[in-house]
Amino acid sequence: MSRIGNSPITVPSDVEVKIEGQKVTVKGPKGTLEREIHKNISVSMENNVITVTRPDDQPENRSLHGLTRSLLNNMVKGVKEEYTRELQINGVGYRAQKQGNKLVMNLGYSHPVEMEQPEGITFDVPNQNTIIVKGIDKELVGQTAAVIRTKRPPEVYRGKGIKYAEEVIRRKEGKAGKK
């Protein structure tokens with residue numbers, strides 16, 4: 001039995017959920033999210049509680065059961081309160097700034113790296129070494145943060161680059177000198 005798939009989702013009072021066949025729309029104070037559910041999974045709602053069910057115990061349906069429940073739960077949480085992901089920039093001369101809805105980063109290349117703000121995502125730069133990615137779609141927030149991190153991943157010898165705030169970079173020892 002899927003422990004995640006079987007647990008119900010309680011919908012807060014200020015969030016509205018509409019289920020039309022395999023299309024689920026979640027509307028809340030922060031915005032609206034839509035998602036198509038796989039044809040094998042059924043979603044029902046009664047008394048502000050969403051339940052996700054599967055037709056049988058086939059391996060594909062079992063895996064889709066928990067996934068669908070998690071995706072719907074993330075949608076309900078996202079429209080109520082935004083998801084955030086914080087990135088830190090380490091390195092001499094490395095910095096970020098926001099210009100309009102662009103993120104401009106100096107990362108040691110011969111040119112500044114510019115990144116356009118995707119729809120549904122906002123960038124916040126409280127200081128030149130911190131980037132905060134905000135949005136209601138958890139998947140899009142994580143993907144955008146990952147794309148920013150790929151512009152200059154952290155290196156293991158000096159720790160320079162862009163890393164997640166909670167990430168720990170294991171440092172390597174450099175070359176040993178002659179004795």
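For clarity, every value in this text was computed on a predicted model and none was experimentally measured. (Residues numbered from 1 in each chain as written. Predicted model: local features only at pLDDT ≥ 70, side-chain atom pairs only at ≥ 80, totals over all residues. Heavy atoms only, no water.)

### Some details on helix α3 (residues 138-150)
Put simply, the rule is: Secondary structure elements follow DSSP: runs of H or I no shorter than four residues count as helices, runs of E no shorter than two count as strands, and numbering proceeds from the N terminus. The length a helix should cover is 1.5 Å for every residue beyond the first. Throughout this description, buried means an accessible area under 20% of the type-specific maximum (1.4 Å probe, protein chains only), exposed means over 50%, and partly exposed covers the range between. The reported arc concerns the directions from the helix axis to the C-beta atoms and nothing else. Note on contacts: a residue pair qualifies if any of its non-hydrogen atoms lie within 4.5 Å across the two residues.
For α3, with 13 residues, the first-to-last C-alpha span of 19 Å sits near the 18 Å given by 1.5 Å per residue. Of the residues making up α3, those classed as buried are V141, T144, A145 and I148. For α3, the buried positions fall inside an angular range of 100° around the axis, keeping them on one side. Projecting away from the buried face of α3 at angles above 90 degrees are the exposed residues E139 and T150. For α3, the elements touching its buried residues are β7 (83-90), β9 (102-106), β10 (113-116), β11 (121-124), β12 (130-135) and β13 (161-164).

### What to know about the environment of L140
Of note, L140 is situated in helix α3. Once the C-alpha coordinates of L140 and P118 are considered, the two residues, 22 residues apart in sequence, prove to be 8.8 Å apart. The contact partners of L140, leaving out residues within four places of it in the chain, are E119 and I121.

### Here's the deal with unusual backbone geometry
Here the phi dihedral of N47 falls at roughly 55°; this positive angle occurs in a residue that is not glycine. Note on placement: N47 falls in the loop between β5 (42-46) and β6 (49-53).

### Describing the sheet that holds strand β2 (residues 16-20)
Short version of the rule: For two strands to be treated as a pair, DSSP must find at least two bridges joining them. Convention adopted: a line fitted to C-alpha atoms gives each axis, helices being fitted over their contacting stretch, and angles between N-to-C directions are expressed from 0 to 180 degrees.
One open sheet holds the 3 strands; their spatial order is β2-β3-β4, and the pairing between them is antiparallel. Both outer strands of the open sheet, β2 and β4 (32-36), are each paired with one neighbouring strand and no more. Averaged over all pairs of adjacent strands, the angle between strand axes in this sheet comes to 15°, irrespective of strand direction. Here strand β3 (residues 23-27) runs beside β4; their pairing, made up of 5 bridges, is antiparallel. Each bridged residue has a counterpart across the sheet, and for V26 the counterpart in β4 is L33. Along the sheet, helix α2 (residues 59-80) makes contact with β3 and β4, crossing β3 at roughly 25°.

### Quick look at the sheet that holds β13
Taken together, 4 strands build an open sheet; the order of strands is β11-β12-β7-β13 and the sheet is antiparallel. Either end of the sheet is taken by a strand with one partner, and the two such strands are β11 and β13. Each strand of the sheet is rotated relative to its neighbour by a mean of 25°, with strand direction disregarded. The sheet strands contacting α3 are β7, β11, β12 and β13, and the helix crosses β7 at an angle near 10°.

### A look at the nonpolar core
Threshold: Working definition of a nonpolar core: buried Ala, Val, Leu, Ile, Met, Phe, Trp, Tyr and Cys residues. They are joined through side-chain atoms within 4.5 Å.
In this structure, L87, L103, M105, I131, V133 and I148 are the most contacted members of the largest nonpolar core, which totals 20 residues. Elements with a contribution of two residues or more to this core: β7, β9, β10, β11, β12, α3 and β13. Excluding its chain neighbours within four sequence positions, the residues that come into contact with M105 are R95, A96, P112, V113, I131, I148, K151 and I162. In terms of nonpolar packing, the next biggest core, distinct from the first, is built from 18 residues, V11, V15, V43 and V76 among them.

### Topic: the pairing of strand β8 (residues 95-99)
The sheet contact formed by β8 and β9 spans 5 bridges and is antiparallel. Bridging from a neighbouring strand, R95 pairs with N106 of β9. Joining the antiparallel neighbours β8 and β9 is a turn of 2 residues, in which G100 adopts a positive phi near 70°.

### Some remarks on the packing of aromatic side chains
Put simply, the rule is: Think of it this way: a Phe, Tyr or Trp ring, Trp meaning its six-membered ring, pairs with another when their centres are within 6.5 Å, and the plane angle makes it stacked under 30 degrees, edge-to-face over 60, tilted otherwise. Each ring is checked for a lysine NZ or an arginine CZ that lies within 6 Å of its centre and within 35 degrees of its normal; such an atom marks a charge sitting over the ring.
Tallied over the full model, the rule gives 0 aromatic pairs. Above the plane of the ring of Y164 lies R85, whose end atom (NZ or CZ) is 4.0 Å from the centre. For R152, the ring lying beneath its charged end belongs to Y109, and the centroid distance is 4.3 Å.

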